[in-house]
Amino acid sequence: MNVDPPVPSRTDEPSAGPAPLGEALFGTVADAYARYRPGVPDAAVRLLAATLHGVPAPVLLDLGTGTAQVPRALLPVVPRLAHVDLVDINQQMLAQAMTAIEPLIGTCTVSPYAGEAHTFVPEGPGRRPDLVTCCRAFHWMDRPAVLEMVDRVAAPHATVAVMGDGSLWTYDADWTVALRELIQTYLGPGRRAGARGTYTEPGRSYEDDLADSAFSDVREYRFPMTRAWTPESVVGYLRSTSFARPDLFGDRHQAFETEVRQLLGAYARGGTLREDAVFTILLARRPGAAS
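Residues numbered from 1 in each chain as written. Predicted model: local features only at pLDDT ≥ 70, side-chain atom pairs only at ≥ 80, totals over all residues. Heavy atoms only, no water.

Buried within helix H5 (residues 91–101) we find Met93, Leu94, Ala97 and Ile101. Buried residues of H5, viewed axially, fall in a sector of 95°; they line one side. Where H5 starts, the residue carrying a side-chain oxygen 2.8 Å from the main-chain nitrogen of Gln92 turns out to be Asn90. (Buried < 20%, exposed > 50% of the residue type's maximum accessible area, 1.4 Å probe, protein only. Helix = DSSP H or I, 4+ residues; strand = E, 2+ residues; numbered from the N terminus. Arc of directions from axis to C-beta. Polar contact = N/O pair within 3.5 Å; in protein donor to acceptor, adjacent residues only side chain to side chain.)

Next up on the list: the packing of helix H9 (residues 231–239) against helix H10 (residues 253–267). Each pair of packed helices can be described by the angle between their axes along with the distance between the axes. With their axes 9 Å apart at the nearest point, H9 and H10 run at an angle of 140° to one another. In terms of axis orientation, H9 runs oblique to H10. Viewed along their axes, H9 and H10 form a crossing whose handedness is right-handed. Here H9 contributes Pro231, Glu232, Val234, Val235, Leu238 and Arg239 to the contact with H10, which in turn contributes His253, Phe256, Glu257, Val260, Arg261, Leu264 and Gly265. (Axes fitted to C-alpha atoms, helices over the stretch in contact; angles between N-to-C directions. Parallel < 35°, antiparallel > 145°, perpendicular 65-115°, else oblique. Left-handed = near helix turned anticlockwise from the far one by under 90°. Contact = heavy atoms within 4.5 Å.)

A separate point is the packing of helix H7 (residues 174–187) against H10. One can describe the packing of H7 onto H10 by two numbers: an axis separation of 10 Å at closest approach and a directional angle of 160°. Taken as axis vectors, H7 and H10 run roughly antiparallel relative to one another. Two packed elements cross with a definite hand, and for H7 against H10 that hand is right-handed. Contacts between H7 and H10 involve Asp174, Trp175, Ala178, Leu179, Leu182, Ile183 and Tyr186 from the first element and Ala255, Phe256, Glu259, Val260, Leu263, Leu264 and Tyr267 from the second. Partitioned by chemical class, the residues of the contact of H7 with H10 number 12 nonpolar, no polar and 2 charged. (Nonpolar A, V, L, I, M, F, W, Y, C, P; charged D, E, K, R; others polar.)

Bringing the confidence of the model for the protein into the picture now. Across the protein, the average pLDDT comes to 88, with 86% of residues at 70 or higher. Low pLDDT (under 50) marks residues 1–27, which in the prediction has 106 contacts with non-local residues, meaning those over four places away or in another chain. (pLDDT = per-residue confidence, 0-100.)

A separate point is the state of the cysteines. According to the stated counting rule, one finds 0 disulfides in the structure shown. Its sulfur unpaired, Cys135 is 7.8 Å from the next cysteine sulfur, which belongs to Cys134. (Disulfide = S-S within 2.5 Å.)

Here we take up the sheet that holds strand S7 (residues 273–285). Overall, mixed pairing links the 7 strands, which are arranged S3-S2-S1-S4-S5-S7-S6 in an open sheet. The open sheet is flanked by strand S3 (109–114) and strand S6 (217–229), the only strands paired with a single partner. Direction aside, the axes of adjacent strands within the sheet are offset by 15° on average. Across 5 bridges, strand S1 (residues 59–63) lies against strand S2 (residues 83–88) in parallel orientation. When the bridges of S2 are listed, Leu60 appears paired with Val84. (Pairing = 2+ DSSP bridges.)

Enumeration according to the criterion identifies 13 salt bridges in this entry. The closest approach of N and O atoms between Asp165 and Arg136, which form a salt bridge, is 2.8 Å. Residue Asp165 is found in the loop between strand S5 (159–164) and H7, and its partner Arg136 is found in the loop between strand S4 (131–135) and helix H6 (143–153); the two are separated by 29 residues along the sequence. (Salt bridge = Lys/Arg side-chain N within 4 Å of Asp/Glu carboxyl O.)

Any two aromatic rings considered together are summarised by their centre-to-centre distance and by the angle between their planes. In the structure shown here, the tally under the stated rule is 7 aromatic pairs. Taking the centre distance of 5.3 Å and the plane angle of 85° together, the rings of Tyr113 and Phe120 count as edge-to-face. The class of Phe120 is buried, set by a relative accessible area of 3%. With a centroid separation of 5.2 Å and an interplanar angle of 75°, the aromatic rings of Phe138 and Tyr206 are classed as edge-to-face. Here Tyr206 lies in helix H8 (residues 206–211) and Phe138 lies in the loop between S4 and H6, a separation of 68 residues in the sequence. Grouping residues by exposure puts Phe138 and Tyr206 together as buried. (Phe/Tyr/Trp six-rings, centres within 6.5 Å; stacked < 30°, edge-to-face > 60°.)

Okay, structure coming up:
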């Protein structure tokens, strides 16, 4: 599965060298990310929760956590979660995640880790994750190095869940095609990846990455869904993406958003725009691990 999504993000601290990856991709978009990115479908949350059946005090490791959508969805369903590690390169995303998750944690402890996913190290030996999740973020990572890290730190029975559902750039509908063409009139034909040029598809599938890792027992689950967008929610969503974030447009951003609203208004039916998406989860375990 090569999911083409929205993503984790990185530090916005000053640097003498090139901007860190997440800053170059997303800049300071944590608020838009939190407000406009679609959440995790209920059926997908139930599947993730089922991987923790029989684990009395589970530990969750969420890689590329963004604004902690996955832990926030899981905590009400698995209230016995004992600890959550949030990993992201973007300091603003982590701050947003900690604020968003705080009302839900109860007796659960939460630790933020600011850094690239493959560099993560648990704070203590007793915090071996039972479930490792990565939602709409795996394509930005050093995937073999991430899976090697997970093999080092995860519990023997651990499940790795790689998931996502594409983006409005890749969704094929009349209104998204028109929207993509409008973006390209401003930013050029390639799909932008922040200030670092254009996006390049991963050279291999996520299934291949997992097959070459310790977590080679892989099963795929697909959850079709329909989303209703409004022109204004699409505008907010675009601000949170690597391919249409505000600073890519310079002083033309306001003009771009005006054109987006006009364009989408012409396609909206009853004020809404339809997206038929499929949320896909790859559940991976070590061969022979209990499922």
